[in-house]
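# Inside the fold
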Amino acid sequence: MFASLHTATLATRRVQSVGSAPRLLTLVRAALAARRQRQFLARLDDRTLMDIGLTRMQASVEAERPLWEVPPAATRAWAL
């Protein structure tokens, strides 16, 4: 009983420690991609924004969002 409990504890710790780094990397990649897209969005002219259905105000609000506000779909897209 002790050996199996000890083995299970070690296995759980390994999964937790290994799982954290890839998740963090995924989140960082998604945050940087979102930042690049927001910067690009901020540089679009009014006509292009109109073509994609956004106003200058909407584009500005999106472009000013902080780096750590990453949509959940973006983190799934960058999953390893």
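Basis of the calculations
- Residues numbered from 1 in each chain as written.
- Predicted model: local features only at pLDDT ≥ 70, side-chain atom pairs only at ≥ 80, totals over all residues.
- Heavy atoms only, no water.
- Helix = DSSP H or I, 4+ residues; strand = E, 2+ residues; numbered from the N terminus.
- Buried < 20%, exposed > 50% of the residue type's maximum accessible area, 1.4 Å probe, protein only.
- Polar contact = N/O pair within 3.5 Å; in protein donor to acceptor, adjacent residues only side chain to side chain.
- Contact = heavy atoms within 4.5 Å.
- pLDDT = per-residue confidence, 0-100.
- Salt bridge = Lys/Arg side-chain N within 4 Å of Asp/Glu carboxyl O.

The next thing to look at is the environment of Arg-76. Tracing the backbone shows Arg-76 in helix α4 (residues 72-77). Overall, the relative accessible area of 59% leaves Arg-76 in the exposed class. Sequence spacing of Arg-76 and Leu-27 is 49 residues, and the spatial spacing of their C-alpha atoms is 9.2 Å.

What follows concerns the side chain of Thr-26. Mapped onto the fold, Thr-26 is located in helix α1 (residues 2-43). By relative accessible area, Thr-26 is classed as buried at 10%. Polar contacts involving the side chain of Thr-26 include one to the main-chain carbonyl oxygen of Pro-22, which spans 2.9 Å.

On to the side chain of Arg-38, then. Take Arg-38: it is sitting in helix α1. Setting aside chain neighbours within four positions, we find Arg-38 in contact with Glu-62, Ala-63, Arg-65, Pro-66, Glu-69 and Pro-71.

Okay, the confidence of the model for the protein next. Averaged over every residue, the pLDDT of the protein is 80; residues scoring 70 or more account for 70%. Across the protein, element-level confidence peaks in helix α2 (residues 46-51) with a mean pLDDT of 96 and bottoms out in α4 with 70.

Let's shift gears to the pattern of salt bridges. Applying the stated criterion to the full structure yields four salt bridges. Residue Arg-56 is joined to Asp-46 by a salt bridge in which the shortest nitrogen-to-oxygen separation is 3.0 Å. Linking Arg-56 in helix α3 (residues 56-63) with Asp-46 in helix α2, this pair joins segments that are ten residues apart in sequence. For Arg-56, a relative accessible area of 31% gives the class partly exposed. The salt bridge involving Glu-69 is made with Arg-65; its shortest N-O contact spans 3.0 Å. Relative accessible area serves as the criterion here: at 32%, Glu-69 is assigned to the partly exposed category. Through salt bridges that share partners, Arg-38, Glu-62, Arg-65 and Glu-69 make up one connected network.

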